[in-house]
Amino acid sequence: MSLHRRDLIIGTLAAPFVLPSPVRGRPDGKIYDLVVVGAGAAGLTTACLAAEYGLRRILVLESEPLIGGSSIISGGFWAVSGTELQKERGVIDSDEAFYEDILAVGAHKNDERLVRAFIRENRRQYEWMLGQGVAPQTLAPGSGTLRAHVFDAKKLVSRLYRRAASSGVDVRVGARVRELFFERSRNRVVGVRTDRAAYAARAVLLATGGFSRNTALLEKYSPRMRFVSTIAAQGSRGDGILMAQALGAELADMEWLEASYAFIQNPTTIHDMTFVNYHGGIIVNKFGRRFVDESLPYKLIAKAVLQQSDAKSFIVFDERIRGISERQPMDRRRWDVVPLGTGRTLAEAANQCSIDPAALQETVEAYNKAVARGEDAGRGSVAVNNGRLLTIDRPPFYVLPVSPCLLGTYCGIKINDRARVLTAQGDEIKGLWAAGEVTGGFHGASFIMGTALGKAQTFARIAAQDIARSLGEA
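Residues numbered from 1 in each chain as written. Predicted model: local features only at pLDDT ≥ 70, side-chain atom pairs only at ≥ 80, totals over all residues. Heavy atoms only, no water.

Participant: Would you take a moment to explain helix H4 (residues 112–131) for this structure?
Facilitator: Spacing of three or four residues puts side chains on the same side of an α-helix, whose turn is 3.6 residues. Here H4 spans 29 Å end to end across 20 residues, near enough to the 28 Å set by a 1.5 Å rise per residue. Its maximal kink placed at Glu121, H4 deviates by approximately 35°. Listing the buried residues of H4 in full gives Leu114, Val115, Ala117, Phe118, Ile119, Glu121, Asn122, Gln125, Tyr126, Trp128 and Met129. Of the residues flanking the start of H4, the one acting as N-cap is Asp111, its side-chain oxygen 3.0 Å from the backbone nitrogen of Arg113. Looking one or two residues beyond H4, the residue adopting positive phi is Gly133, at roughly 90°. (Helix = DSSP H or I, 4+ residues; strand = E, 2+ residues; numbered from the N terminus. Expected span 1.5 Å × (residues − 1). Bend = angle between axes of the 7 residues up to and from the residue. Buried < 20%, exposed > 50% of the residue type's maximum accessible area, 1.4 Å probe, protein only. Polar contact = N/O pair within 3.5 Å; in protein donor to acceptor, adjacent residues only side chain to side chain.)

See below:
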């Protein structure tokens, strides 16, 4: 098969481990079984499993000079139900409970076929990763249940890369894919083009991540996002989405584009995020008033914050809650620097953040009285103290200015339950699959912590299985 432009429709664009070499020169004339676009968790997992399923000529093209994408800078949270680690910790969970939680948090806007496919394969993929010698360090809450398994993201990506390399997968960095080649006569995607070379392929998988770094796309789908910071990978430009759209691909969940909560001012990494509200802190606006259930998923809290005046918010807590938070894996590094608003009294801490001290005092007193009476105080349980709420009454007191941040876009190309890319008419674009953050439809209106990395890994497995099956039948 050769790539002749007269026969093609062009879909085009308007670390601590061994790194692959930058792409150089011209292609060697191979017809690859699979070209994977993107070397994050989704792309590398697809390549690893495709090799395991019998594909031999596999090429991974990464636009950036380093592999890993957003996966390597994530918190490493992977939500899985019914694991041995959960059982060891006394956590009662099930696949069906996880399924129902995903739909509930997604406001039943999810594509249920994708959710079912995820549940079916997620734990299998998790166990495959355990078999690669990468295990979670602990558990964190996801929608109230301890099912977010906390991995070292760098170790996970490193292991995937080493596995891919040992399987003969060709991984190249500095190779930004600009075009998808679609052959009219065969009605399928047949290859890709980078700035330097063109590559023929029997199958192409898009794993290019989201579009947090593409201001034009953000403003198109959610204008308020232009005011939100991001820590997403530099390659999060929406390349895959734009190329797939040029071939008629449909998008899903674009209306649910939201930020995440809570980050200190001017964040640069995932370690600038805090979960102190889940450990007992309360959230107030600049007037010192509560306005949201602090136990909600962080995407829903971010949405409520963006509706506040100036989109400003603060987490209020005391020394006991700070100590609890400091012992948690996600927050451990957060307390290297003392929060801005600190005082022996609430008034002293409030004044440092230009919050009305009387209003904040009234808010905290009302909250403490409700907790003392055993009421829910307008929130669900906390992730500590056996779920029982904590009063905020042990000095010193802290008022931490925090804001929403765009970790990822969690929406994008519409796929079916075999990870095949679909058009607006529901037809498959033959030869084209997608996995990871570049896809939409799974999360719906919101997401449970740990389902982003879980989705990347699991739909990579689904895609690899389907690609191997498809090419075997070709």
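Participant: I would appreciate a short explanation of the packing of aromatic side chains in the present structure.
Facilitator: Each aromatic ring pair is described using two quantities: the centre-to-centre distance and the angle formed by the ring planes. For the structure shown, the criterion picks out 14 aromatic pairs. With a centroid separation of 4.8 Å and 55° between ring planes, the pair formed by Phe118 and Phe442 is classed as tilted. You can see Phe118 sitting in helix H4 and its partner Phe442 sitting in the loop between strand E23 (439–440) and helix H12 (451–473), a full 324 residues away along the chain. Each of the two residues, Phe118 as well as Phe442, counts as buried. For the ring pair Phe275 and Tyr298, a centre distance of 6.2 Å and an interplane angle of 15° mean the geometry is stacked. Of this pair, Phe275 sits in the loop between strand E15 (260–263) and strand E16 (282–284) while Tyr298 sits in helix H8 (residues 298–306), placing them 23 residues apart in sequence. (Phe/Tyr/Trp six-rings, centres within 6.5 Å; stacked < 30°, edge-to-face > 60°.)

Participant: Just to check I follow, could you spell out the sheet that holds strand E20 (residues 412–414) for this structure?
Facilitator: Across the sheet, which stays open at both edges, the 3 strands sit in the order E14-E20-E23 with mixed pairing between neighbours. In the strand order of this sheet, the two ends are held by strand E14 (251–252) and E23, each with one partner. Direction of pairing for E20 relative to E23: parallel, over a ladder of 2 bridges. When the sheet's bridge partners are listed, Ile413 is paired in E23 with Thr439. Contacting E14 and E20, helix H7 (residues 239–246) crosses the sheet at an angle of about 40° to E20. (Pairing = 2+ DSSP bridges. Contact = heavy atoms within 4.5 Å. Axes fitted to C-alpha atoms, helices over the stretch in contact; angles between N-to-C directions.)

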